[in-house]
Each structure stands twice: as structure tokens, then as C-alpha cells.
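# Geometric and topological summary
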Amino acid sequence: MAQALDIDRWNLECEFNNTDHRTDLNGIDRLIVRRGQPFSISLYLRSGSYQPGVSSLDFVAETGPQPSEQYGTRASFGLSASIDTSCWSAAVTSPPGDMVALSICSAPDAPIGRYTLTLGHSARIEFILLFNPWCPGDAVYMDNKENLAEYVLAQDGIIFRGAYKHPIPTPWNFGQFESGILDVCLRILDMNPKYLKNPGKDCSGRRNPIYVSRVLSAMVNCNDDKGVLLGKWTGDYEGGVSPMLWRGSVEILRNWDTQACQPVRYGQCWVFAAVACSVSRALGIPCRLVTNYLSAHDTNSNLVIERYVNENGELLQSKEMIWNYHCWVENWMTRPDLKPDFNGWQAYDPTPQEKSEGVYCCGPTPVRAIKEGELTFKYDAPFVFAEVNADVITFMKKKDGSTSKVSSNALVGQKISTKSVGSDAREDITHLYKYPEGSAEEREAFKKADHQNKLLQQQQNQGLHLNIKVTSDMRKGCDFDVFAVVTNNTQSEKKCRLLFGSCALSYNGFMGGNCGFKDLLNVELSPGGERKVPLRLNYSKYGGQITEDNLIRLAALLLDYTTGDTTLAVRNVVLDNPEIKVRILGEPKENRKLAAEITLQNPLPERLENCCFSIEGANLTGGGIITERLGPVGPGEDAKVKIYFTPTHSGLRKLVVDFDSNKLCHVKGYRNVIIGK
């Protein structure tokens with residue numbers, strides 16, 4: 001007859017297991033393991049010894065408040081001769097004696113979350129179970145070591161902002177392994193409305209990365225729930241902080257957790273996406289942040305953005321807009337609910353824009369489905385397809401109320417970007433979302449998507465061509481010229497009127513004050529002739545108008561007197577902030593104090609007040625933020641501070657720096673630091 005083991009005490013071997021399961025950066029004071037991979041625990045017996053074939057031990061693994069075998073949130077199993085990695089199993093790996101070494105494995109499709117494991121009648125242990133992208137049986141399996149290092153283990157990264165012609169890399173501290181962050185991520189799952197309504201069913205759903213991604217897409221914003229961030233895109237940020245302030249996700253997640261799940265104020269698209277990336281990686285889902293330049297916001301699902309200008313060529317505000325850029329995230333997983341070609345990267349977007357199934361969330365939808373025009377595939381493929389493919393039609397609204405069509409070659413979905421694996425360079429992934437423009441495959445995708453406008457479009461070679469040229473060196477604080485270039489491709493003389501204006505712009509398309517304007521009533525062009533018209537942008541004029549986005553919208557409107565045709569050219573330019581220089585003093589070593597000298601030169605023709613440097617870095621600044629305030633800094637002078645910090649883990653880390661003042665807001669910089677053992 002089988003004899004139950006009489007367990008006295010046990011050792012969860014946290015350091016060995018967490019290191020083996022690549023969770024040791026979360027700490028080694030508790031057991032955190034990944035599904036489908038064995039872990040070891042040592043049992044010390046009160047009496048008797050383990051005898052193969054005679055001794056028995058029953059196990060019950062449970063997660064959630066209503067564990068049930070039907071929901072897959074409770075599993076009962078006994079000792080086997082060897083581990084079976086396809087299901088919950090346990091085996092003894094030590095010789096007979098009073099110390100029993102156990103190997104235990106969870107199912108590769110077990111729900112993730114907090115577990116209790118009962119051994120026999122007396123022992124009860126707790127552990128956290130995560131997705132396992134190293135396990136071939138897991139839906140999030142990724143078979144490339146470099147990709148796993150980047151998309152699961154990297155605690156910092158680069159977000160591309162700026163403009164389509166001038167992408168600007170911004171550093172970000174994802175910090176998914178910082179102290180307490182994993183607990184916050186599990187709390188996010190427990191605060192979601194589906195869990196509050198039916199916790200048993202929700203915990204069962206946590207076996208599926210599609211379900212978890214959709215929950216995160218809704219919970220990172222707070223529009224329908226006790227989500228993490230409140231979005232704000234206009235005006236002042238009273239009662240919170242500017243989205244530009246954040247350097248990483250750690251402070252945001254901790255604030256939400258300590259403030260009783262009240263939303264953190266404020267976020268914009270890259271902040272929503274970065275927090276979603278931190279949570280996905282913390283839970284074990286490979287994730288990357290993506291920027292789509294010239295991103296269309298199509299509110300009525302017709303794949304067409306209708307925009308209106310007045311008679312000066314100034315864009316009139318409307319609900320449907322083209323964002324200068326928009327960020328979302330991609331999670332890596334299989335899609336057993338779809339055809340096999342649609343495994344891999346799935347786009348999901350936590351920025352609240354439009355409702356999906358009654359809730360502000362978007363995705364996950366296969367990136368491949370967007371490329372192929374498969375808009376019936378779950379979830380929210382039409383909205384993402386429009387972001388990268390919508391057509392833009394421009395109308396002029398005249399003073400008498402009438403409208404007329406304006407020809408304009410507006411671009412949408414350009415330079416879709418993400419950080420490269422293993423380097424800070426920009427990787428262009430546009431080809432994963434779109435076929436080459438004008439190709440037969442592109443037409444096929446548009447047919448599937450019923451994108452009639454694009455199918456009907458004929459490229460017209462216009463008689464008059466208009467575009468906007470800029471210089472490469474446009475720094476905040478400087479005066480510079482921009483140019484409208486008009487070319488006459490016809491055989492006859494042309495007389496035209498040219499209106500050339502500029503205004504401040506926020507990255508999501510909202511217009512601000514005038515930064516410079518010119519109206520030329522009599523532009524004459526001979527056949528084949530060209531005219532280059534400059535517009536001077538002076539800091540004294542634009543300095544008080546532009547937002548923290550440093551964006552200026554240039555618009556040139558050309559009216560052909562002979563035909564009455566109007567042509568519009570639009571270009572967004574981003575002004576460069578000064579560079580933050582970071583000098584590391586001494587040799588970076590684990591657990592040894594280190595100094596850094598941080599400098600920024602004031603590029604403005606006026607004094608900077610209320611200057612402040614904020615510095616953070618995963619495993620560098622103790623999970624916190626170093627803040628250094630300094631006195632006024634005159635034109636051309638250096639703002640300079642020296643900081644001290646103690647790295648806790650070896651490897652490549654980013655020291656992320658933010659400089660803020662009254663006139664120069666939230667300038668970002670960083671330095672990669674290689675920490676030795």
C-alpha cells in the first residue's frame with residue numbers, strides 16, 4: 001500500500017529556480033517560474049524516508065478565487081516516474097532518503113498568475129507563474145535568443161518620435177523587473193472589469209495571450225475601468241504632469257498602485273504604449289513598441305480622411321485627423337483562432353481612440369492581416385488598417401460656405417519604426433504592414449479591404465507642382481528659412497497666387513498659433529520654370545507658440561488664376577532640442593558607487609529658470625529617480641550636475657535623463673552604461 005510522505009519543511013530553491021527560469025531580476029526572495037518548464041524544490045521529511053514505488057504524494061495547483069478543474073484553474077496530479085512537460089507533473093530526482101528533491105512542471109497552457117501548490121496534507125507553497133517564450137509548447141514561444149533578449153528581458157529601449165522626415169529617438173526605462181512591478185502588473189489583471197464580474201472565467205482566460213493582450217489594451221487607459229493612465233492632449237496639465245515628463249513606466253505603475261488604482265495623470269500615445277510594453281514583458285509576452293508616422297484617425301470606418309482648409313490654406317480642426325505619429329505595441333503569439341499564416345506579431349493599441357465591443361481597446365490583430373487587407377480578422381483590423389492606409393481628400397471651405405476640392409498628395413502610414421534588436425538604431429518595419437506602393441499585391445489587399453478610394457485613384461501628373469523644402473539644421477532657439485517650391489510642368493506661362501503659412505502643432509494634429517505667414521498675389525512662371533519662395537521663421541515669433549512637441553506645420557496653397565485649380569502642400573517640421581551630454585566617471589561595476597556628469601547648453605537667446613535634471617535607469621538608480629535642481633542658466637551657458645548611483649546588476653543599461661525648465665521643456669537624453677561584475 002502507498003505511504004504518504006510526512007513532510008516537515010521545504011526549500012523552494014528560489015535562487016536556482018528563478019535564475020533557471022530567467023525571473024531572477026525580479027528578486028530571489030520568492031518563487032517565480034515560467035509555464036511548461038520544470039522547477040525544483042527540496043522536501044525534508046519528519047519521519048520515514050522516500051521509497052520508490054512505495055511512497056506517494058498528491059499535488060493540487062490552484063489559481064484565482066474560484067479554482068476549478070473545468071476552468072483549468074485547478075490541477076490535481078501525483079508523482080510520475082519522470083516529468084511530462086505537456087501537462088502538470090512531478091517526479092522525484094533524488095535517491096531514497098529523508099531529503100526528497102522534487103521536479104515539478106506546469107502545463108505550457110496553464111493560466112498565468114499567483115498559485116498555491118498543496119503537497120499532501122501538510123505542505124502548501126506559493127509561487128507566481130508567467131508566460132514562457134522559451135518553451136516550444138507555449139503560445140508565446142519565440143525561437144531566437146537575440147529577439148528574446150530584446151523583447152522580453154531588455155528593461156529599457158528607444159521610442160521614435162519627432163516627424164516622418166526626422167525621426168527622433170527618445171529613451172525609455174521599461175523597468176519590468178524593478179521591485180514590486182510584477183505585483184502591480186498582476187493587480188492590473190485583477191482590477192479589470194471581466195475579473196470583477198466573473199473571476200473564475202477571467203482567471204481561466206489568462207492561459208491565453210490573446211485574451212491577456214486585449215485586457216491590457218483596455219486597462220492601460222482608464223476610460224471604462226480602474227485603468228492605469230488618463231490621457232490628455234490639449235492645454236495645461238493641471239492636477240497631474242505633462243506626458244513629456246515621464247522617463248519610464250516604473251513611476252507610473254507605482255503611482256497607480258499606491259494611489260488605490262486611481263488613474264495617473266497624464267498619458268499620450270507613446271506613454272500608453274510604453275506602459276503596455278512593460279506589463280507585457282513583465283508577464284512574459286515578447287513585446288515591442290511601434291511608431292507609425294502620419295497616422296490616420298478614421299472615425300467612421302470608410303478608410304477616408306476628409307480634411308478641410310480655409311482660403312489661406314489653414315487646416316480646419318475636425319474629428320478625423322492625421323497624427324504626426326502614433327505609437328502602439330506588438331505582442332508575439334500564435335493565433336489558433338485564425339489561419340496558420342497569422343501567427344507572430346499582433347498589434348494592440350492601449351491609447352483610447354475608438355470603442356471596440358463597447359470598450360476603449362484595440363487589438364490584438366495580426367500585423368499580417370493588415371498587410372493582406374483581411375479586415376474581418378479579430379480584433380479591430382479595420383481601425384489599424386486605416387491608420388496605415390487611409391486615403392486623404394482635401395476640400396477648401398470658402399467664406400460664402402461653398403466647398404471645392406483641393407489637389408494634395410497627402411501621405412499616410414510612413415516609416416513604421418521600432419528599435420532594432422541589440423542596438424539603438426531604428427528598424428523600418430513598414431513592409432510588414434504594407435506592400436510596396438503601386439504593386440499588384442497592394443491592389444489585391446485594397447480589393448480585399450474594399451478600399452475603393454485607393455483603387456479608383458489615378459496618379460495625375462499635375463501641370464503645377466508644389467512642394468515644401470527645409471534645411472537640415474532647425475534647432476529650437478534659432479531663426480531659419482523654409483521654402484515653397486513651385487514648378488510649372490506645362491507648355492504655357494502661369495500666373496498664380498501663393499499663400500505660405502506656418503503654425504504650432506501638437507503631435508496628434510491639433511493646431512496652435514501662427515508662426516509666420518506670406519501671401520504672394522502675383523507669382524509668374526514660364527513653361528518649365530521654377531520659383532523658390534522663402535518664409536523666415538523667427539524664434540521671437542514661434543518660441544511662444546510651439547508646444548513641448550517642438551512641431552511646426554508648414555502649409556503652402558497655390559491658386560492657378562487661369563484654371564482656378566488649387567494645390568496644397570503640407571509638411572510638419574520638428575525642431576531639435578540641444579543634446580544632453582552624459583560622462584561616466586570611473587569604472588562601472590556591480591554594487592560599486594559610480595558618478596556621472598550631465599551637461600546641457602542653453603541654446604535660447606533668453607535665460608532658463610526653474611531648471612531641473614531627473615535621472616533614472618533600470619538596475620542603476622535603485623528603482624527610483626534622482627532629481628537635481630539648479631539656478632538660472634543664461635544664453636549659451638551650461639546647465640551642469642554631478643550625480644552618484646550604485647548599479648545592482650551587470651550588463652548593458654541605459655541611464656535616462658530629462659531636463660526641464662520654464663522655456664526648454666522635457667529635453668531627453670541617455671547614455672548606455674556597461675556594468676561589469
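Residues numbered from 1 in each chain as written. Predicted model: local features only at pLDDT ≥ 70, side-chain atom pairs only at ≥ 80, totals over all residues. Heavy atoms only, no water.

Applied cut-off: UniProt positions are given in the numbering used here, feature names are shortened, and annotations may be inferred rather than shown by experiment.
By the naming in an unreviewed UniProt entry, the chain goes by Protein-glutamine gamma-glutamyltransferase 2 and is assigned to Maylandia zebra. UniProt, in its Sequence similarities (unreviewed entry) section for the chain, records the words "Belongs to the transglutaminase superfamily. Transglutaminase family."

## Description of the nonpolar core
Short version of the rule: In this text, buried Ala, Val, Leu, Ile, Met, Phe, Trp, Tyr and Cys residues form a nonpolar core when linked through side-chain atoms within 4.5 Å. When a residue's accessible area, from a 1.4 Å probe over protein chains only, is under 20% of the maximum for its type it is buried; when over 50% it is exposed; and in between it is partly exposed. Labels follow the DSSP assignment, with helices taken as runs of H or I lasting at least four residues and strands as runs of E lasting at least two, numbered in each case from the N terminus. Should any heavy atoms of two residues lie within 4.5 Å, those residues are counted as being in contact.
Ranked by internal contacts, the top residues of the largest apolar core, which has 66 residues, are Trp172, Leu229, Ile252, Trp270 and Leu283. Elements represented by at least two residues in this core include exactly strand 11 (123-130), strand 12 (156-163), helix 3 (181-190), helix 6 (209-219), helix 7 (250-258), helix 8 (269-283), strand 16 (287-297) and strand 19 (321-333). At 12 residues, the largest contribution of residues to this core is made by helix 8. The residues touching tryptophan 270, leaving out its near neighbours within four places in the chain, are Ile159, Arg161, Trp172, Pro243, Met244, Leu289, Tyr325, Cys327 and Tyr507. In terms of nonpolar packing, the next biggest core, distinct from the first, is built from 54 residues, Ala556, Ile626, Leu655 and Val667 among them.

## Let's talk about the pairing of strand 20 (residues 344-348)
This is how the line gets drawn: Two strands are said to pair when DSSP picks up at least two bridges between them.
Of all five residues that make up strand 20, five are buried, and the element is covered over most of its length. Looking at chain direction, strand 19 and strand 20 are connected through five bridges and run antiparallel. Note that in strand 20 the partner of valine 329 across the bridge is tyrosine 348. Here two bridges tie strand 20 to strand 23 (residues 365-366), and the two strands are oriented antiparallel to one another. Residue pairing for strand 23: glutamine 346 is matched across the bridge by proline 366.

## Side note on the UniProt feature "binding site: Ca(2+)" (unreviewed entry) in the chain
What UniProt calls "binding site: Ca(2+)" (unreviewed entry) maps, in this numbering, to Asn389, Asp391, Glu437 and Glu442. In three dimensions, the annotated residues from a span of 54 residues occupy one location, with a maximal C-alpha spread of 13.8 Å. As for its position among the elements, asparagine 389 is in helix 10 (residues 381-389). Owing to a relative accessible area of 7%, asparagine 389 belongs among the buried residues under this scheme.

## What to know about the packing of helix 3 against helix 7
A pair of packed helices is characterised by two quantities: the angle between their axes and the separation of those axes. Using the following cut-off: To get an axis, a line is fitted to the C-alpha atoms, and for a helix only the part in contact is used. The angle between two axes follows their N-to-C directions and goes from 0 to 180 degrees. In these notes the angle categories are as follows: under 35 degrees is roughly parallel, over 145 is roughly antiparallel, 65 to 115 is roughly perpendicular, and the rest is oblique. Definitions for this section: a left-handed crossing has its near helix turned counterclockwise from the far helix by less than a right angle. A right-handed crossing has that turn clockwise.
For the pair helix 3 and helix 7, interaxial distance at closest approach is 10 Å and the crossing angle is 60°. For the element pair helix 3 / helix 7, the angle class is oblique. You can see that helix 3 and helix 7 cross each other, and the crossing is left-handed. Each of Ile181, Val184, Arg187 and Ile188 in helix 3 lies in contact with helix 7, whose residues at this interface are Val250, Leu253, Arg254, Trp256 and Asp257.

## Here we look at the pattern of salt bridges
Applicable threshold: Any carboxyl oxygen of Asp or Glu that lies within 4 Å of a side-chain nitrogen of Lys or Arg is treated as forming a salt bridge with it.
Under the definition given, this model contains 35 salt bridges. Across the pair aspartate 109 and arginine 207 runs a salt bridge, and its minimum N-O distance is 3.9 Å. Taken as a pair, aspartate 109 in the loop between strand 9 (99-105) and strand 10 (113-119) and arginine 207 in the loop between helix 5 (199-205) and helix 6 lie far apart in primary sequence, 98 residues in all. Here aspartate 109 falls in the partly exposed class, since its relative accessible area comes to 42%. Taking the relative accessible area as the measure of exposure, arginine 207 reaches 27% and is therefore partly exposed.

## So, the sheet that holds strand 18 (residues 315-316)
Pairing between the strands of a sheet comes from backbone hydrogen bonds, and it takes one of two forms, parallel or antiparallel. An order of 18-17-24-25 is seen for the four strands of this open sheet, with the pairing classed as mixed. Only two strands of the sheet have a single neighbouring strand rather than two, namely strand 18 and strand 25 (403-406). Pairing of strand 17 (residues 304-309) with strand 24 (residues 391-397) involves six bridges; the strand directions are parallel. Its bridge partner lying in strand 24, valine 304 is registered against aspartate 391.

## What to know about the domain arrangement of the chain
It is common to report an interface's size as the accessible area lost on association of the parts. Note the cut-off: Domain segmentation is taken from an automatic or database assignment of domains.
What the domain assignment reports for the chain is domain 1 (3-130), domain 2 (152-454), domain 3 (459-574) and domain 4 (580-675). Spacing between the C-alpha centres of domain 1 and domain 3 amounts to 68 Å.

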